[in-house]
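Listed below are the residues making up each chain.
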Amino acid sequence: MTNLHVVLIHYPVVNKNGEVIASAVTNLDLHDISRAAKTFGVRSFYVVTPLDDQRVFVDRIVGYWVKGAGAKYNPMRDEALKLISIKASLDEVVDEICADCGTRPEVVVTSARPRDRGLSYSDFHQMLKSGRPYLLALGTAWGLSEDFIAEADHILDPIVGDTDYNHLSVRSAAAIMLDRLMGCRTGTA
């Protein structure tokens, strides 16, 4: 079993004005990130929001696809959405991983901007071979708050294209990151 866990953070994130907010959970993020996580062998996928109504929303979606009519309609979706666990805070996520793995995970945050403490995908891939638990934290809205980033153990290098535009959806960024970290490399292409 892999030692990589993923968490989608909805608070504390920032809006386009740089204000710390709690963002709304989106159905597409749940489906797409859980499917990418399942494809690349991620151990668990957490969704963090302090908002009660948003946790109820996630429970309804997951319940439909895991226990409801969706499980019969699309069993493959069921397998992916079973990875999702909803929590009110990052502390709850860390506590659960500690209980499961016997040690605190190292938290690796993401950012669309280059940072001084940048961790390359190659170095993170090598770190994953250690067997230690790692928690990859993805931010919604306009990204994780500066305070949240400052408390992380590592900051993963941003995904950069060949243009000045850099505003991927979190679900697209998650798929690219997981492929870079956990994807099989075969052939010469």
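Above: the structure in question.
These numbers come from a predicted model, not from an experiment. (Residues numbered from 1 in each chain as written. Predicted model: local features only at pLDDT ≥ 70, side-chain atom pairs only at ≥ 80, totals over all residues. Heavy atoms only, no water.)

**Details of unusual backbone geometry**
That bond from Y11 to P12 is cis: its omega, 5 degrees, falls within 30 degrees of zero. Looking at the secondary structure, you find P12 in the loop between strand 1 (4-9) and strand 2 (13-14). Unlike most non-glycine residues, A141 shows phi in positive territory, near 55 degrees. Here A141 is to be found in the loop between strand 8 (134-139) and helix 7 (146-150). With relative accessibility at 41%, the residue A141 sits in the partly exposed group. (Helix = DSSP H or I, 4+ residues; strand = E, 2+ residues; numbered from the N terminus. Buried < 20%, exposed > 50% of the residue type's maximum accessible area, 1.4 Å probe, protein only.)

**Some points on helix 6 (residues 121-128)**
For helix 6, the set of buried residues is Y121, F124, M127 and L128. With its buried residues spanning 120 degrees around the axis, helix 6 presents them on a single face. In the core, the buried residues of helix 6 are packed alongside strand 1, strand 6 (106-109), strand 7 (118-119), strand 8, strand 9 (154-156) and helix 8 (170-182). (Arc of directions from axis to C-beta. Contact = heavy atoms within 4.5 Å.)

**Points about helix 5 (residues 90-101)**
Compared with an ideal rise of 1.5 Å per residue, which puts 12 residues at 16 Å, helix 5 spans 16 Å between its outermost C-alpha atoms and is within 8% of the ideal. Listed in full, the buried residues belonging to helix 5 are L90, V93, V94 and I97. The buried residues of helix 5 occupy an angular sector of 95 degrees when the element is viewed end-on, so they sit on one face. Within helix 5, the exposed residues directed more than 90 degrees away from the buried face are D91, D95 and A99. Looking at the residues trailing helix 5, positive phi occurs at G102, about 85 degrees. (Expected span 1.5 Å × (residues − 1).)

**Structural notes on the packing of aromatic side chains**
The final tally for this structure, using the stated rule, is 2 aromatic pairs. Here Y64 and W65 contribute two aromatic rings whose centre-to-centre distance is 5.1 Å and whose plane-to-plane angle is 85 degrees, an arrangement assigned as edge-to-face. The class for W65 is buried, based on a relative accessible area of 14%. A centroid spacing of 5.6 Å and a plane angle of 75 degrees characterise the contact between F124 and Y134, whose relative ring orientation is edge-to-face. Of this pair, F124 sits in helix 6 while Y134 sits in strand 8; the two residues are 10 residues apart in sequence, bridging distant segments of the chain. Grouping residues by exposure puts F124 and Y134 together as buried. When the ring centre of W65 is taken as reference, the NZ or CZ atom of R77 above it lies at 5.2 Å. Sitting over the face of the ring of Y121, R180 holds its NZ or CZ atom 5.0 Å from the ring centroid. (Phe/Tyr/Trp six-rings, centres within 6.5 Å; stacked < 30°, edge-to-face > 60°. Lys NZ or Arg CZ within 6 Å of the ring centre and 35° of its normal.)

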